[in-house]
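Breakdown of the fold
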Amino acid sequence: MNIYQISELAALLIENLLMMKFYVNFFLFKKKTPLNYFFATITFIIICIAGTISLKLGMTSDYGVVIAMIVMVIFGYFCLDGNLVNKIIFSISAFVVIAVICILTLQILSMLLNVHITTLIDEQGEYRIIVLIVTKLMFYVFGKSILIVTKKQEFQLTIKEWITCVFIVIMTLTMLTMIYKIMYTVQVSQMSKYLIIIFSMMLILVDIIIYGMLLKLSKSNREEIRYKLMESQIEQQEKMLTSILESNEKIRVLKHDMKNYLMTAIGLIDNKEYNKVKSYMVNLIGQEIDTIETFVTTNSQTLSALLNIKLDTCNKNKINWNVEITSDLTNISDVDISIIIGNLLDNAIEASKKVKNKPFIDIKIFDSKDYVNIVIKNKIDNSVLFFNPNLFTTKKDKNSHGIGLMSVKKIVKKYNGMYKVYEENKTIVVNIMLKNT
C-alpha cells in the first residue's frame, strides 16, 4: 500500500467520522450509555467498509452508499432521539452533500489547475491529495455551519416540506452529476469550464435561497405551534376550572338540600318507620353524595380536582385504575403538573377504550433525590410505538397532532427534566422526571 492509497483510506475514515459526528450531534443520543456508543462504533465501521466497497467498485457505484444509508437509519432509530423521517432525510442529505461538494471541487480545481477531471480522479498524485483535502475540509465547514444554524433555529417543518426540500437537493445533485459526467468523458474548452462553474454555482445559490425560505417557513411554523400550545394550555386550565366549579356547585346544592333530607329522615324516625329510614338514607348516599365522590386528595387542589374528574371518566368507561402519590410537589407549579397529568391521562384513557379485556391505568408520582417522578402506564393490546412513535392523536381533529405532548415536553424542558416513553409487558409507559429544586 503506497502513500496515495493510504491517503484515500484516511480521507474515507475522516469523511465517515465527520458524518457520524454530525449525525449524533444533530439528533443526540436517547441515553449516553456504553451500549449506544458501542452501536455508534459498529455503525462507523460498517459505513467505512461500505465506503471501501464503493472505492473498489469505482466512484459511480451506489451499493456502498445505499448500505451506509440503511445502517445509519437503523442506528438512528434505535439509539438517537428525533423523528424517523428526519433521520432518513438526514442520511440521504449527508451523501447528497458529499457528492455535491466532490463534483463542485473537481470542477473548480480542474479549471484552476488546468487539468482534466480524469487526472483529479484516477491518477494517484499530488492533485488527487489536494482534492481529498479540499473536499473533506469543505464537508467539515458545511456540516459545522449547519449544526450551528440548526441549534439556533429549531426546525419545525411538515413532512411535505421536508420531502420538497430533499427533492430539490436531489434534482440539483442529478444536474451536477450530468455536468460532471460530461466533463469526465469529453474534453471541454476553458470557456466551457467557466460557464459550467457559473451554472453549478447558480444551482448551489438556488439551494441556499430555498434553505433560507425554509428557515422563514420554519419560524412561521414554530409560531403556529406556540399558539397551539397556548391554546392547549388554556383549554386544560378551563377544564380544571370547570371541574372545580362543578364540584363546588354540587356541594352547594347538597348543603342547601341537606336540611330537607334530614327533616324527612326525622319524620320517618318519629313514625318509627326504621326500615324506610335505612332505605331512604342508602338511596340518598347513592344518588346524591356519590355524585361528589373524591377518589384522591393531593397537596394541590387543582391537581386533585383534575384527577378526580379523569378517574370518574375511567369509572364510566369501566377502566380500572390505581393512583399512588407520595410527592408533595413543592416546587412544581399547579398549572404545569396539571397540564402534564391532564394530557397524559387523556392519551391513556383514549388508548384504554380500545383495550378489549380489563383495561387499566396506573399513576405514580413520587420523589427520587432531586426529581419528581411521574410514571403513567396503561394496558395495550398491540404495540403503539411501532406504528405511532410520536403518539399522534387518533381523534378526528388532525390539526392538533401531537400538540398535547409538545406542551408536556415544553414543561419538562422548563424544569430541566427528562421524558421517556417505552413499552413493556403489554403496557405503554410514560416516565417523566422534573427537577424539584
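See the structure printed just above.
Residues numbered from 1 in each chain as written. Predicted model: local features only at pLDDT ≥ 70, side-chain atom pairs only at ≥ 80, totals over all residues. Heavy atoms only, no water.

Moving on to the side chain of S352. Mapped onto the fold, S352 is located in helix α11 (residues 334-352). By relative accessible area, which is 1% here, S352 ends up buried. At 2.8 Å, the side chain of S352 and the backbone oxygen of A348 are in polar contact. Ignoring anything within four residues of it in the chain, the contact list for S352 reads I319, P359, F360, I361 and N378. (Helix = DSSP H or I, 4+ residues; strand = E, 2+ residues; numbered from the N terminus. Buried < 20%, exposed > 50% of the residue type's maximum accessible area, 1.4 Å probe, protein only. Polar contact = N/O pair within 3.5 Å; in protein donor to acceptor, adjacent residues only side chain to side chain. Contact = heavy atoms within 4.5 Å.)

Grouped together as the largest cluster of nonpolar side chains are 32 residues, with contacts concentrated most on I341, I361, I374, I376 and I432. Here this core takes eight residues from α11, the largest share from any one element. When residues no more than four places from it in sequence are discounted, the contact partners of I376 are I341, L344, L345, A348, I361, D362, I363, I428, V429 and V430. Listed in part, the 26 residues of the second largest apolar core include F27, F75, V97 and F139. (Core = buried A, V, L, I, M, F, W, Y, C linked by side-chain atoms within 4.5 Å.)

Aromatic rings considered in pairs are described by the distance between their centres and by the relative angle of their planes. In the structure shown here, the tally under the stated rule is 12 aromatic pairs. On the numbers, 6.5 Å between centres and 35° between planes, the contact of F22 with Y140 is tilted. With F22 in helix α1 (residues 3-27) and Y140 in helix α6 (residues 126-152), this residue pair connects regions lying 118 residues apart in the sequence. Considering the side-chain rings of Y23 and F27, the 5.6 Å spacing of their centres and the 85° angle between planes classify their relative orientation as edge-to-face. Note that Y23 and F27 are positioned in helix α1 at a spacing of four residues, about one turn of the helix. In terms of burial, Y23 and F27 fall into one category: buried. An aromatic cluster of three or more residues is present, and its members are Y23, F26, F27, F29, Y37, F75 and F90. We note K420 situated over the ring of Y422; from NZ or CZ to the ring centre the distance is 5.0 Å. (Phe/Tyr/Trp six-rings, centres within 6.5 Å; stacked < 30°, edge-to-face > 60°. Lys NZ or Arg CZ within 6 Å of the ring centre and 35° of its normal.)

At their nearest, the axes of helix α3 (residues 63-79) and helix α4 (residues 84-113) sit 9 Å apart, and the two run at 150° to each other. The angle between α3 and α4 places the two elements in the roughly antiparallel class. The way α3 lies across α4 gives a crossing that is right-handed. Here V65, A68, M69, M72, V73, G76 and Y77 of α3 lie close against α4, whose contacting residues are L84, K87, I88, F90, S91, I92 and F95. (Axes fitted to C-alpha atoms, helices over the stretch in contact; angles between N-to-C directions. Parallel < 35°, antiparallel > 145°, perpendicular 65-115°, else oblique. Left-handed = near helix turned anticlockwise from the far one by under 90°.)

Looking at the element boundaries, T242 is found in helix α8 (residues 190-270). Expressed as a C-alpha distance, the spacing of T242 and A305, which sit 63 residues apart in the sequence, is 9.6 Å.

This part is about the pattern of salt bridges. For the coordinates displayed, the defined rule picks out seven salt bridges. One salt bridge connects E15 with K136, and the closest N-O pair in it is separated by 2.5 Å. Here the residue E15 occupies a position in helix α1, and K136 occupies one in helix α6, the gap between them amounting to 121 residues. The exposure class assigned to E15 is buried, which follows from its relative accessible area of 13%. Judged by its relative accessible area of 14%, K136 falls in the buried class. (Salt bridge = Lys/Arg side-chain N within 4 Å of Asp/Glu carboxyl O.)

Moving on, we come to α3. The α-helix winds at 3.6 residues per turn, so residues separated by three or four positions along the chain end up facing the same way. In this model α3 runs 24 Å from its N-terminal to its C-terminal C-alpha over 17 residues, within 8% of the 24 Å that 1.5 Å per residue would give. Listed in full, the buried residues belonging to α3 are G64, A68, M69, V71, M72, V73, F75, G76 and C79. (Expected span 1.5 Å × (residues − 1).)

What follows concerns the pairing of strand β1 (residues 320-325). With six bridges connecting them, β1 and strand β2 (residues 360-368) associate as parallel partners. Counterpart to W321 in the pairing with β2 is I361. (Pairing = 2+ DSSP bridges.)

Keep in mind that these numbers describe shape and distance, not what the molecule does.
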